[in-house]
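# Remarks on the overall topology
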Amino acid sequence: MGRIAEVLINIAAKGINKPFSYLLPDEFGFLSVGWRVLVPFGPRQLEGFVMNVTAGDTSGLKPIFDVLDSSVWFNDNMLKTAEWISDYYLCTLAEAMRLFIPGKSGIKAQTHYRIHEAVDAPQVIAHLSAKADFQRQLFEYLKGNGPTNITVLKKKFGPHSLPALQQLLRKKLIVADYTATARLRAKYKSVVELAISPDAAAIAAARLSGKPAQLRLFFALLAKGSLEHSDLAQIKASRATVKALVQAGIAVIRQVQVIRNTYNEKQSVPANITLTAEQQQAVAKISSAIKSQRFHSFLLHGITGSGKTQVYIEAVALVRQNNRQAIVLVPEIALTSQIVFRFRSRFGDDVVVIHSKLSAGERADAWQRLHYQQAGIVIGARSAIFAPLFDIGIIIIDEEHEFTYKQEETPRYHTLAVAMTRARMADAIVVMGSATPSVETYYNALQHKHTLLPMINRINHSALPQVQVVDMREELRAGRRSVLSAPLKELLNETFSRQEQAIILLNRRGYSTFVLCRECGHVMRCPHCSTSLVYHAAGNYLRCHYCQWTEQVPDVCPACRSRYIRYFGTGTQKLEEEFRQQWPYIRMIRMDQDTTGKKMSHHKILAAFAKGSYDVLLGTQMVAKGHDIDNVTAVGIISADTALNLPDFRAAEQTFDLLTQAAGRAGRGIKPGRVVVQTYNPDHYAVQTGAMQDYLSFYKTEISYRHDLGYPPFGQLIKFTIVSSDENISCRQAALTAEELRSGLDDLPNIEIIGPFKAPIAKINDMYRMQLLIKSPGMDIVKTRLNHMDIVSRSNIIIDVDPVNVM
């Protein structure tokens, strides 16, 4: 009898959804549920999660190879949340648990190939046939260079090296050695410290008499306690001087961990802020729930500029006073810097930031500080909801309506649902804030599932901006074909004359939407996706915004060899060019995915614009929310109705949100704001109510449509996407899946199965896509049936529970 650990392997494979048994060696006898370990799995070493420890017969079991952390990683809240994610979103438990690990894995695996020791290399080379010439080349290379990893082999021999290596492995001519090491290692630096007490300073100084260099170093250590390399250089202390003090027992060299943190700049302490009456009322209700230490959820429905962030800060302050931890979520990296500045001004180094633009080392250090409770507040985008906190007191979801809170790869979780689950298990509270709450969230607030906290006034009593809707059809009839309408040009001229700033929103990027041959009508399309390529002037190339394929702009049409190639549509680069032609003296900065790829790009662009270094901020959706700049008095919204043309039941909601949020950037200070909305659908209710910033009117119209059609919040959806590299196979498999669903769910009431149909983007990255939808008032029984039908474990089916779009 021995001890057995049940270990769940951290691998993204639908077919592996059970723990495996391993021998628990005596040296790892301390392991319990929640530890991360390194285990042998086939020929490889993989990361695993300990799910149970039992006693039993250990004969034939492989032992656990190593332990990855110095303490248990998964606490009870994290484990139970992962189990809920697995059940609700129909993914494996390993896929759910991976979400709680920075980088989704704690190890870095490498494969080295070498010649089998029992093989006669010269004889093998002589007998490899002409058909296996490529195999011979690989074999000879391994003979001459010894064990080599796959990266080196691919670089030298190209992408076909892996199949050839597999052939050599099958012939048992070579061996693959698999090794795994910790992916993220702590960073350390050397510091020199005093090794004696201050009481012995006088005696030490006397010993160093006549040694000026050592004496200078000693007094510097006495003054500062410890010195880094830069400090030693400043006082001109050589290595020999340091070594002499160490040998004398006066100093010691120690390794200390460096916490990598982009957001470590010092922040000024804010002056005392007087809360408005609405803020005070909101804080009072939230504070009462915090003190009760019971789960409660709030919807802070505040118009743009009403001071929601300050309410968040006051709530987090109370949570921290009670020694509980806080998660603050923002929908996009572009908003992170601003809210981090506000929170660090109040809470200093107690704030940790997590988002995808941080380096791997920074993310690991942030996770470590939270895991070891060295900080109590985490701010970040979607993934921050999985921060390893042990006592969550509050979760704040700013701009809760944003669709970026939905993960678009497996497991396809929604951050709000995960937040509710973690908070409920921790007896914590959730505060959702938005000027345009999602239809489902507002409906649930009216049904008293959340407490509604309205904030209808801006904090400085400034008025909402005046909004003018421009019918672009009338512009065309008047012969004005510029992407900038006459009213928008007039507004910008007035704004620039007063030395005020403007934000221009265009919900596209690149230079042109597509490139077309005027001779034959051929559109330059992505060879891997069923979508057109977008022209980018910077670099003069075409790019697919789905698979990131790029190619140079052709000189002639690839279909008819004509030179009559024309660019259609308008992207941010093209709009920037038109601005410079209209106002050559204006300073403009662009913010879209092309200009924000580098680390901290969003922060630098917004900081420069807020400082007044630029007159116009031009960009995509990321310029539409969260920014609070007093001198911005004008906002122009180009192609406001783009989303209305999408085949999605949320199209109107997306349009309303974008208009309201973008318009809310104007007039945040004492100066009045004005907005011009350009549209080809001026009479649509989303455009009309968005222009008036009238959420209630929009909600009443939208909720009636949702009710009639049975869409959320009156029904739930599950989307199935069947993928294959062969279009005919994807169609057949989709039809078979639809038959299975109909026969397996036919006896359930109020179930509607829609499809199969081609996805609006029918091919992405060489994979053809067919879709099915299940619509039902409730999905619990449906999910149970799906698990029994084994559909969820099929590798060619992508399942999206509660999709935010049906594209």
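As a reminder, the structure under discussion sits directly above these lines.
Below you will find a few notes about this structure. (Residues numbered from 1 in each chain as written. Predicted model: local features only at pLDDT ≥ 70, side-chain atom pairs only at ≥ 80, totals over all residues. Heavy atoms only, no water.)

### What to know about unusual backbone geometry
Note: most peptide bonds trans; most residues except glycine with negative phi. In this structure, the amide linkage connecting Thr410 to the following residue, Pro411, adopts the cis form with an omega of -5 degrees. Mapped onto the elements of the fold, Pro411 is located in the loop between strand S16 (392–398) and helix H15 (415–426). Cis geometry is adopted by the peptide bond preceding Pro756, which originates at Gly755 and carries an omega value of 10 degrees. Note that Pro756 resides in strand S31 (residues 752–764). Even without being glycine, Gln293 reaches a positive phi, approximately 50 degrees. Its place among the elements puts Gln293 in the loop between helix H11 (277–292) and strand S12 (296–302). A relative accessible area of 41% means that Gln293 is categorised as partly exposed. (Helix = DSSP H or I, 4+ residues; strand = E, 2+ residues; numbered from the N terminus. Buried < 20%, exposed > 50% of the residue type's maximum accessible area, 1.4 Å probe, protein only.)

### A short note on the environment of Val431
Relative to the elements of secondary structure, Val431 occurs in strand S17 (residues 429–434). What makes Val431 buried here is its relative accessible area of 1%. Along the chain, Val431 and His450 lie 19 residues apart, while their C-alpha atoms are 9.3 Å from each other.

### Quick word on the packing of helix H21 (residues 651–663) against helix H22 (residues 685–692)
Running from amino to carboxyl end, H21 crosses H22 at an angle of 25 degrees, the nearest separation of the two axes being 8 Å. Comparing their axes, H22 and H21 come out roughly parallel. In this structure, H21 crosses over H22, and the sense of that crossing is right-handed. Contact with H21, carried on its side by Ala652, Thr655, Phe656, Leu659 and Thr660, involves Tyr685, Ala686, Val687, Thr689 and Gly690 of H22 and no other residues of that element. Each residue belonging to the contact of H21 with H22 can be placed in one class, and the counts come to six nonpolar, four polar and no charged. (Axes fitted to C-alpha atoms, helices over the stretch in contact; angles between N-to-C directions. Parallel < 35°, antiparallel > 145°, perpendicular 65-115°, else oblique. Left-handed = near helix turned anticlockwise from the far one by under 90°. Contact = heavy atoms within 4.5 Å. Nonpolar A, V, L, I, M, F, W, Y, C, P; charged D, E, K, R; others polar.)

### Details of helix H24 (residues 727–745)
Since the α-helix turns once every 3.6 residues, residues separated by three or four places project in the same direction. Its 19 residues place the ends of H24 27 Å apart at the C-alpha level, agreeing with the 27 Å of an ideal helix rising 1.5 Å per residue. Looking at H24, one finds that the buried residues are Ser730, Ala734, Thr737, Ala738, Leu741 and Leu745. Burial along H24 is one-sided: seen end-on, the buried residues are contained in an arc of 105 degrees. Of the exposed residues in H24, those oriented more than 90 degrees away from the buried face are Asn728, Arg732, Leu736, Glu739 and Ser743. In the core, the buried residues of H24 are packed alongside strand S30 (716–724), S31, strand S32 (767–776), helix H25 (780–789) and strand S33 (797–801). Two or three places before Asn728, at the start of H24, stands the capping residue Asp726, its side-chain oxygen 2.8 Å from that residue's backbone nitrogen. (Expected span 1.5 Å × (residues − 1). Arc of directions from axis to C-beta. Polar contact = N/O pair within 3.5 Å; in protein donor to acceptor, adjacent residues only side chain to side chain.)

### Things to note about the packing of aromatic side chains
Taken as a whole and assessed by the stated rule, the structure comprises 23 aromatic pairs. Feature note: the residues Tyr442, Phe656, Tyr685, Tyr695, Phe698, Tyr699 and Tyr705 constitute an aromatic cluster, connected by ring pairs. The residue whose ring lies beneath Lys775 is Tyr711, and the NZ or CZ to ring-centre distance is 4.3 Å. (Phe/Tyr/Trp six-rings, centres within 6.5 Å; stacked < 30°, edge-to-face > 60°. Lys NZ or Arg CZ within 6 Å of the ring centre and 35° of its normal.)

### Quick look at the packing of H24 against H25
With their axes 11 Å apart at the nearest point, H24 and H25 run at an angle of 125 degrees to one another. One finds that H24 runs oblique with respect to H25. Here H24 runs over H25; the crossing is right-handed. Here H24 contributes Glu740, Leu741, Gly744 and Leu745 to the contact with H25, which in turn contributes Val782, Arg785, Leu786 and Met789.

### Notes on the sheet that holds strand S29 (residues 674–679)
What the six strands build is an open sheet, ordered S19-S29-S28-S20-S27-S26; its pairing is parallel. Either end of the sheet is taken by a strand with one partner, and the two such strands are strand S19 (466–471) and strand S26 (588–591). The sheet shows a mean angle of 15 degrees between the axes of neighbouring strands, direction not considered. Of the strand pairs in this sheet, S26 and strand S27 (residues 616–619) are connected by four bridges, and their pairing is parallel. Its bridge partner being in S27, Met591 is matched across the sheet by Gly619. Sheet strands touched by helix H18 (residues 486–497): S19, strand S20 (501–506), S27, strand S28 (632–638) and S29. Its angle to S29, the strand with the most contacts, is close to 155 degrees. (Pairing = 2+ DSSP bridges.)

### Comments concerning the pairing of strand S15 (residues 377–380)
One face of the sheet, then the other: side chains in a regular strand alternate in exactly this way. Going residue by residue along S15, you find Ile377 and Ile379 tucked away on one face and Val378 and Gly380 tucked away on the opposite face as well. Sheet topology note: the strand S13 (residues 325–329)/S15 ladder contains four bridges and is parallel. Each residue of the ladder has a partner; that of Ile327, found in S15, is Val378. Relative to S15, strand S14 (residues 351–354) runs parallel, the two being bridged by four bridges. Bridge pairing links Val351 to Ile377 in S15.

### Examining the pairing of S28
By the criterion of burial, S28 is predominantly enclosed, with seven of the seven residues buried. Direction of pairing for S20 relative to S28: parallel, over a ladder of six bridges. Across the sheet, Ile503 pairs through a bridge with Val635, a residue of S28. Of the pairings in the sheet, the one linking S28 to S29 comprises four bridges and is parallel in character. When the bridges of S29 are listed, Gly636 appears paired with Val676. Remark: the S28/H21/S29 crossover connection has right-handed handedness. (Right-handed = clockwise from strand over helix to strand, strands pointing away.)

### Points about the sheet that holds strand S3 (residues 36–41)
Paired through their backbone hydrogen bonds, the strands of a sheet run either parallel or antiparallel. The five strands are arranged S2-S1-S4-S3-S5 in an open sheet whose pairing can be described as antiparallel. In this open sheet, the two edge strands, each paired with only one partner strand, are strand S2 (20–23) and strand S5 (66–67). Here six bridges tie S3 to strand S4 (residues 44–56), and the two strands are oriented antiparallel to one another. Across the sheet, residue Val39 finds its bridge partner in S4, namely Leu46.

### A look at the side chain of Asp800
By secondary structure assignment, the location of Asp800 is in strand S33. Here Lys406 takes part through its side chain, which lies 2.9 Å from a polar atom of the side chain of Asp800. If sequence neighbours within four positions are ignored, Asp800 has contacts with Lys406, Glu408, Arg412, Leu717, Ile718 and Lys719.

### Examining the nonpolar core
Among the nonpolar cores identified, the biggest contains 107 residues, and Ile395, Phe720 and Leu741 are the most heavily contacted of them. Residues in contact with Leu741, not counting those within four places in the same chain, are Phe720, Asp746, Ile753, Leu772, Ile774, Leu786, Met789 and Ile791. Residues Ile339, Phe347, Ile377 and Ile429 belong to the second largest nonpolar core, which totals 33 residues. (Core = buried A, V, L, I, M, F, W, Y, C linked by side-chain atoms within 4.5 Å.)

### Concerning the environment of Phe656
Structurally, Phe656 is set in helix H21. Sequence separation between Phe656 and Tyr699 is 43 residues; the distance between their C-alpha atoms is 9.9 Å. For Phe656, the residues in contact, after removing those within four places along its chain, are Thr436, Ala686, Thr689, Gly690, Asp694, Tyr695 and Phe698.

### Remarks on the pattern of salt bridges
Summed over all chains, the structure comprises 22 salt bridges. Among the ionic pairs, Arg324 bridges to Asp391, the shortest N-O distance being 3.0 Å. With Arg324 in the loop between helix H12 (308–321) and S13 and Asp391 in the loop between S15 and S16, the pair connects residues that are 67 residues apart, well separated along the chain. With a relative accessible area of 8%, Arg324 lands in the buried category. By relative accessible area, which is 32% here, Asp391 ends up partly exposed. A salt bridge links Lys406 to Asp800, with the nearest nitrogen and oxygen atoms 2.9 Å apart. Taken together, the residues Lys406 in the loop between S16 and H15 and Asp800 in strand S33 connect sequence positions 394 residues apart. (Salt bridge = Lys/Arg side-chain N within 4 Å of Asp/Glu carboxyl O.)

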